Amino acid sequence: MKFARVDLDEPRIMGVINVSPESFYKGSVKNDEEKLIETAVKMVEEGAAFIDIGAKSTAPYLETQIPLEEEIRRAVWAIKTIREHVDVPISIDTTSAKVAEEALKAGADIINDVTGLKGDEKMAEVAREYGAPVIVCAHGEVRNFSDPVHTVIDFLEESITIAEKYGIEEIAVDPAIGFLRPEWPPWYEWDSKVIANLNALKIFGRPILIGVSRKSFIGAITGRKDPSERLPGSLAATAIAVLKGANIVRTHDVKETLDAVKIADFIRRFAP
């Protein structure tokens, strides 16, 4: 049970490492073997309960297309490189079933699919075949622009239905901060409404995973265009997300985020 260590009353940290040069936050990119191992080990030492590997950027506002073979090469290299150095579950952040399969063969444990099993029709099959837990992200065509929260719930419900159809039992839900970008309301308002009402996702009885680290909505609100300047805003958003029920926080900055999570979680215990 890869999510078994996630006590729903004690939020956990997922450290993000990218091996994709096109990623929006260049500080997260590690393409040197020594730096990759050093980063993974340090993240676990600082408190990460999971490591998430991204071999291709999924940022919706960037040109991120690369050959499938290159994504597989990056993912397999990264996972094989760190697997024997960390004893926490590793997730592969991909929308491709083939990449997910090769990553699982290389030692990954979890599939993190930002299309919520709706992009590659074989993704759920791969998860079932390898007994891999899945992180499903809210994904779909936004029709009701006035109701971000229920739109996210509807999208996640569809993904959970797919997962359950394939007998996948371990499922975490991700509200897709930064991915659902309607022309109106502005995406930063959309994302803020979802975070403010994150506890609505408790309806699923699944771990809630949130990824706000250095994302563009923080830059839009604070005026910080450079992702390298968005750590304080990320920590504020993280604290609010934990107060609203987040169970797993996906972050580029494990040490700092863990402190924010601990404070928010401690204060949350005294809420009515």
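Preceding block: the structure.
Small disclaimer: the values here were computed from a predicted structure and weren't measured.

Calculation criteria
- Residues numbered from 1 in each chain as written.
- Predicted model: local features only at pLDDT ≥ 70, side-chain atom pairs only at ≥ 80, totals over all residues.
- Heavy atoms only, no water.
- Helix = DSSP H or I, 4+ residues; strand = E, 2+ residues; numbered from the N terminus.
- Rg over C-alpha atoms; globule rule 2.2 N^0.38 Å.
- Buried < 20%, exposed > 50% of the residue type's maximum accessible area, 1.4 Å probe, protein only.
- Contact = heavy atoms within 4.5 Å.
- Areas by Shrake-Rupley, 256 points an atom, 1.4 Å probe, with all protein chains shown as cover.
- Lys, Arg positive; Asp, Glu negative; His and termini not counted.
- Charge placed at Lys NZ, Arg CZ, Asp CG, Glu CD.
- Phe/Tyr/Trp six-rings, centres within 6.5 Å; stacked < 30°, edge-to-face > 60°.
- Lys NZ or Arg CZ within 6 Å of the ring centre and 35° of its normal.
- Pairing = 2+ DSSP bridges.
- Patch = residues over 30% accessible without salt bridge, like charges linked within 9 Å, V, L, I, M, F, W, Y side chains within 5 Å.
- Salt bridge = Lys/Arg side-chain N within 4 Å of Asp/Glu carboxyl O.
- Core = buried A, V, L, I, M, F, W, Y, C linked by side-chain atoms within 4.5 Å.

Asker: What is the right way to read the overall build of the chain from this model?
Answerer: Regarding its fold elements, the chain presents nine helices and eight strands. Its C-alpha radius of gyration of 17 Å places the chain within 12% of the 19 Å reference for a compact globule of 272 residues. By principal-axis analysis of the C-alpha atoms, the chain measures approximately 45 × 40 × 35 Å. Going through the 272 residues of the chain one by one, you find that 56% of them count as buried. Within the chain, contacts between residues at least 6 apart in sequence are counted, and of these 68% link residues at least 24 apart. Carbon and sulfur atoms make up 50% of the accessible area of the chain, which amounts to about 12400 Å² in all. Put simply, the chain has 34 plus and 44 minus side-chain charges, and the middle of one group is 2 Å from the middle of the other.

Asker: I'm lost on the packing of aromatic side chains in this one. Help?
Answerer: The geometry of an aromatic ring pair comes down to the distance between the two centres and the angle between the two planes. Scanning the model with the defined rule gives two aromatic pairs in all. Considering the side-chain rings of Trp187 and Tyr188, the 5.2 Å spacing of their centres and the 80° angle between planes classify their relative orientation as edge-to-face. Across the ring face of Trp187, the terminal group of Arg181 is positioned such that the distance to the ring centre comes to 4.7 Å.

Asker: For this particular structure, what's the right way to read the pairing of strand β1 (residues 12-18)?
Answerer: Successive side chains on a regular strand alternate, one facing one side of the sheet and the next facing the other. Within β1, six of the seven residues are buried, which leaves it mostly tucked inside the rest of the structure. Of the strand pairs in this sheet, β1 and strand β8 (residues 248-251) are connected by four bridges, and their pairing is parallel. Directly across from Met14, in β8, lies its bridge partner Arg250. Alignment of β1 against strand β2 (residues 48-54), held across six bridges, turns out to be parallel. In the sheet register, Met14 faces β2, and the bridge partner there is Phe50.

Asker: What am I meant to see in a nonpolar patch on the surface here?
Answerer: On the surface, Leu243, Ile263, Phe266, Ile267 and Phe270 cluster together into a nonpolar patch covering about 560 Å² of accessible area. With respect to the secondary-structure elements, Leu243 resides in helix α8 (residues 231-243). Among the residues examined, Leu243 registers a relative accessible area of 43% and is labelled partly exposed.

Asker: Explain the pattern of salt bridges to me, please; I cannot follow it from the model alone.
Answerer: Between side chains of opposite charge, pairing is possible as soon as their charged atoms come close. This model, assessed by the stated rule, comprises 15 salt bridges. Through salt bridges with shared partners, one network takes in Asp52, Asp93 and Arg250.

Asker: Which parts of the structure should I look at to understand the nonpolar core?
Answerer: Soluble globular proteins tend to bury their nonpolar side chains together. If you look at the biggest cluster of nonpolar residues, it comprises 74 residues, and the most contacted ones within it are Ile53, Ile111 and Ile210. Take this core: its biggest share by element is seven residues, from helix α5 (residues 148-165). Ignoring sequence-local partners within four residues, the contact set of Ile111 consists of Ile92, Ala100, Leu104, Met123, Val126, Ala127, Ala132, Pro133, Val134 and Ile135. By size, the runner-up hydrophobic cluster in this structure holds eight residues, among which are Met14, Ala49, Ile110 and Leu209.

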